[in-house]
Amino acid sequence: MARKPAFLLLLFIISLVSVVMSAEYRLGEKVRFWKYENGFQVIFLPREGAPFFSAVIFVNVGAVDESVGETGIAHLLEHMAFKGTPWIGTRDWNSERKILVELEEVAQELRTAAIAAADDESSAALESRFLELQKQAQRFVIPNEYDRLVTLAGGQEVNATTSNDYTNYFMTLPANKLELWAMLESQRLQYPTWREFYKERDVVAEERRMRMEDSPDGRLYEEFIATAFKAHPYRTPVIGWMSDIKNLTVTDMAAFYKRWYVPENMVAVIVGNVGEAEVRRITNDYFGTLPYRPSPPRVATQEPEQRAQRRVQLVMDAQPQLLLGWHKPPLPSRDAIAFEVLQYILTDNGRSSRLYSDLVKRRGLCESVATFTAPGEKYTNLFCIWATPRAPHTPAEVEEAIWQELKALARDGITSDELEMTTAKVEAALVSETEANLGCARRLGYFYLITGDPAFLDKYREEIRRVTSADIMRITSSYLRPERATVATIEKKTVSEGARGRKRARKQDDAPIAVGSMFSGERAQGR
């Protein structure tokens, strides 16, 4: 009882801070948005302060837009964007280009030979020529030239990311370098060279091996997503499938780029201490003049309603894990907003959050527990709970405890104090993220691509405040149901289980051979 006044005081302070920040951080009235005749879009938010700006180029294409056989291509294209242009990153573009053209011809011959299962001698000759051309092309490359130029200009936070929904390229520069940014970005968007493509393809293949195939968590997540989605391309990993990665060519990449990297499929978001007139002039000169090409149609496939629970289990020598997910609608729906609040209630309120307090602190069932939305936000997605059991507790024990907590939440809801504290934390986290120019630019662009509203950030915060206990009870009871769940686990293989498996295998080998088995499988071939 002695702690209650302190808790109420903390709640009051959080609420007061939230109100103050709400008044100071209404951005909608300051955000400027315009579109050029070629379809290229610009979101601009002026800010006083240090003479810097952050800029993000969003390309409205991600893994969800890839075709069968080209998975991973959006992510690989993001890597290629840092390889330079005909003017940056090369010692002699004309000479380099001739070698790259021949290299691609050999790469196509190699792929044809692999499909046709050509003889080893001809394939070996092609492979030798392929490697030799790569060495010749490498002599013209100036490594990391793009990054060096940006750094020399005072640039920071230079990077890019690819998601299921979009690709984005970002950096922070001094305010007097706005035109340099526009020149560099427009050139690499308009004049890709595909320099070091096959070298980078091998890098991405190794990245996939490390992050997915050699990682228990990566394997669990990949199996979980593939189980949760039957029809929608969200089931495809952003990094792609290994067989597709290894078979991608420059020809594939150029076709994907031509299809998706078009002006009306791009938006530049600029936040910082620069003037609107200057931003309009420079973006018009460098992006408004890009050749018009229409963007292709979007994904039409819809994920069917899940009517039965789905389960997948990985047995391996690894830390046990539990991953649960339920389909839910995307932003800007009211239910999606309520799930943002539910995420904080369950895990993101820190040590006082429902699942952390129960599973980690009180009962000691888990080492950690987290909630999140996956694998994207543009289409129907998943609300997920990921828990790591604490030995000797099992995923089954943790799952049961989670179901108990969800049932209680659906039945009883939450108190007004807990709701007020939670919505204040959601809002405070958003304000903290958008205080920095880069964080603000990325959030504005992300919301625009998901909702089509360049000023959605303010509406999002207003909708967060409108979430009620009844909303939390409703979405918990209607969405988070057992028959709508996808459950994935890692179960630790024990020595005794392995021994029992070997005993069973020996008994099977010693058993008489059934007549039918002699006409199928390995025994029929005498192995």
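You'll find the structure just up there.
Conventions adopted
- Residues numbered from 1 in each chain as written.
- Predicted model: local features only at pLDDT ≥ 70, side-chain atom pairs only at ≥ 80, totals over all residues.
- Heavy atoms only, no water.
- Helix = DSSP H or I, 4+ residues; strand = E, 2+ residues; numbered from the N terminus.
- Buried < 20%, exposed > 50% of the residue type's maximum accessible area, 1.4 Å probe, protein only.
- Contact = heavy atoms within 4.5 Å.
- Areas by Shrake-Rupley, 256 points an atom, 1.4 Å probe, with all protein chains shown as cover.
- Phe/Tyr/Trp six-rings, centres within 6.5 Å; stacked < 30°, edge-to-face > 60°.
- Pairing = 2+ DSSP bridges.
- Axes fitted to C-alpha atoms, helices over the stretch in contact; angles between N-to-C directions.
- Parallel < 35°, antiparallel > 145°, perpendicular 65-115°, else oblique.
- Core = buried A, V, L, I, M, F, W, Y, C linked by side-chain atoms within 4.5 Å.
- Salt bridge = Lys/Arg side-chain N within 4 Å of Asp/Glu carboxyl O.
- Arc of directions from axis to C-beta.

1. Considering the overall build of the protein chain
For the protein chain, the count of helices and strands is 20 helices and eleven strands. Counting the 527 residues in the protein chain, one finds 52% classified as buried. A separation of at least 24 residues holds for 81% of the contacts in the protein chain among residues at least 6 apart in sequence. As displayed, the protein chain has an accessible area near 25,100 Å², and 53% of this comes from carbon and sulfur atoms.

2. Section: unusual backbone geometry
With an omega of -10°, the peptide bond between Ala-374 and Pro-375 qualifies as cis. Relative to the elements of secondary structure, Pro-375 occurs in the loop between β9 (366-374) and β10 (381-389). The omega angle of the peptide bond from Ala-391 to Pro-392 is 10°, so this bond is cis rather than trans. Along the chain, Pro-392 falls in the loop between β10 and α14 (395-412). The phi torsion at Glu-157 lies on the positive side, around 55°, for a residue other than glycine. As for its placement among the helices and strands, Glu-157 is situated in strand β4 (residues 156-162).

3. Things to note about the packing of aromatic side chains
Tallied over the full model, the rule gives 22 aromatic pairs. Judged by centre distance (5.7 Å) and plane angle (75°), the rings of Trp-194 and Tyr-257 are edge-to-face. Of this pair, Trp-194 sits in the loop between α6 (178-190) and α7 (197-213) while Tyr-257 is found in helix α10 (residues 250-260), placing the two residues 63 residues apart along the sequence. Overall, Tyr-257 belongs to the buried group, its relative accessible area being 12%. Residues Phe-229 and Tyr-234 carry aromatic rings whose centres are separated by 5.8 Å and whose planes lie at 80° to one another, so their mutual orientation is edge-to-face.

4. Some details on the sheet that holds strand β3 (residues 52-59)
Paired through backbone hydrogen bonds, the strands of a sheet run either parallel or antiparallel to each other. Taken in spatial order, the six strands line up as β1-β2-β6-β3-β5-β4 in an open sheet, and their pairing is mixed. The sheet is open, and its two edges are formed by β1 (32-35) and β4, each paired on a single side. Shown here is a sheet whose adjacent strand axes are inclined to one another by a mean of 15°, direction ignored. Bridge analysis of β1 against strand β2 (residues 41-46) gives four bridges, and the strand direction is antiparallel.

5. A short note on the packing of helix α12 (residues 334-348) against helix α18 (residues 469-479)
In the contact formed by α12 and α18, the axes pass within 9 Å of each other and the chain directions differ by 95°. On the basis of the axis angle, α12 is roughly perpendicular to α18. Only Asp-471, Ile-472, Arg-474, Ile-475, Thr-476 and Tyr-479 of α18 make contact with α12, whose side of the interface consists of Arg-334, Asp-335, Ala-338, Phe-339, Val-341, Leu-342 and Ile-345.

6. Here we look at the pairing of β10
Of all nine residues that make up β10, nine are buried, and the element is covered over most of its length. As defined by bridge partners, strand β8 (residues 321-328) adjoins β10 across seven bridges and the pair is classed as antiparallel. Across the sheet, Lys-328 pairs through a bridge with Asn-381, a residue of β10. Relative to β10, β9 runs antiparallel, the two being bridged by eight bridges. By the bridge assignment for β10, Ala-374 is matched with Leu-382. The hairpin turn running from β9 into β10, its antiparallel successor, is six residues long.

7. With respect to the nonpolar core
In this structure, Phe-40, Trp-181 and Tyr-261 are the most contacted members of the largest nonpolar core, which totals 68 residues. Tallying contributions element by element places helix α3 (residues 93-116) first for this core, with eight residues. Those residues in contact with Trp-181 that lie beyond four places of it in its chain are Phe-53, Ala-55, Ile-57, Met-171, Leu-173, Ala-268, Ile-270 and Phe-287. One finds Tyr-166, Trp-326, Cys-440 and Ile-472 within the second-largest nonpolar core, a separate group that totals 63 residues.

8. Re the packing of α7 against helix α8 (residues 216-228)
Axis angle and axis distance: for two packed helices, these are the angle between their axes and the distance between the axes, and together they describe the pair. Where α7 contacts α8, the axes come no closer than 6 Å and their chain directions differ by 85°. By the criterion of interaxial angle, the relationship of α7 to α8 is roughly perpendicular. Taken together, the residues of α8 that come into contact with α7 (itself represented by Arg-208, Arg-211, Met-212 and Glu-213) are Gly-218, Arg-219 and Glu-222.

9. Considerations on the side chain of Asn-349
Within the secondary structure layout, Asn-349 lies in the loop between α12 and α13 (354-362). What makes Asn-349 buried here is its relative accessible area of 4%. Contact partners of Asn-349, with chain neighbours within four places excluded, come to Tyr-344, Met-421, Thr-422 and Lys-425.

10. Structural notes on the pattern of salt bridges
Note that side chains of opposite charge can pair when their charged atoms are close. Evaluation of the coordinates by the stated rule reveals 36 salt bridges. With its nearest N and O atoms 2.9 Å apart, the salt bridge here joins Glu-276 to Arg-280. Placement of the pair is Glu-276 and Arg-280 together in helix α11 (residues 276-286), with a separation of four residues, close to one helical turn. When salt bridges with common partners are traced through the structure, they connect Arg-334, Asp-335, Glu-463, Arg-466, Asp-471 and Arg-474 into a single cluster.

11. As for the sheet that holds β9
Here we have five strands laid out as an open sheet, ordered β7-β11-β8-β10-β9, and mixed in their pairing. Of all strands in the sheet, those with a lone pairing partner are β7 (310-316) and β9, marking the two edges. The mean inter-strand angle of the sheet, taken between neighbouring strand axes irrespective of direction, is 10°. Contacts from α8 reach β7, β8, β9, β10 and β11 (485-492), with the element oriented near 160° to β7. Contacts from α14 reach β7, β8, β9, β10 and β11, with the element oriented near 35° to β8.

12. Some words on α18
Taken together, the buried positions of α18 are Ser-469, Asp-471, Ile-472, Ile-475, Thr-476 and Tyr-479. Along α18, the residues classed as buried sweep out an arc of 160° about the axis, all on the same side. Residues of α18 that are buried in the fold lie against β8, α12, α14, α15 (416-435) and α17 (456-466).

13. Section: the environment of Gly-288
Locating Gly-288 in the fold gives a position in the loop between α11 and β7. Assessed through its relative accessible area of 19%, Gly-288 is described here as buried. Placed 252 residues apart in sequence, Gly-288 and Tyr-36 show a C-alpha to C-alpha distance of 5.5 Å.

14. Points about the pairing of β8
Burial runs high along β8: eight of the eight residues are buried. Side chains Gln-321, Leu-323, Gly-325 and His-327 of β8 all project onto a buried face; the interleaved residues Leu-322, Leu-324, Trp-326 and Lys-328 project onto the opposite face, where all are buried too. Relative to β11, β8 is paired through six bridges, and the arrangement is antiparallel. Residue Leu-322 lies in a different strand from β11, and its bridge partner there is Thr-489.

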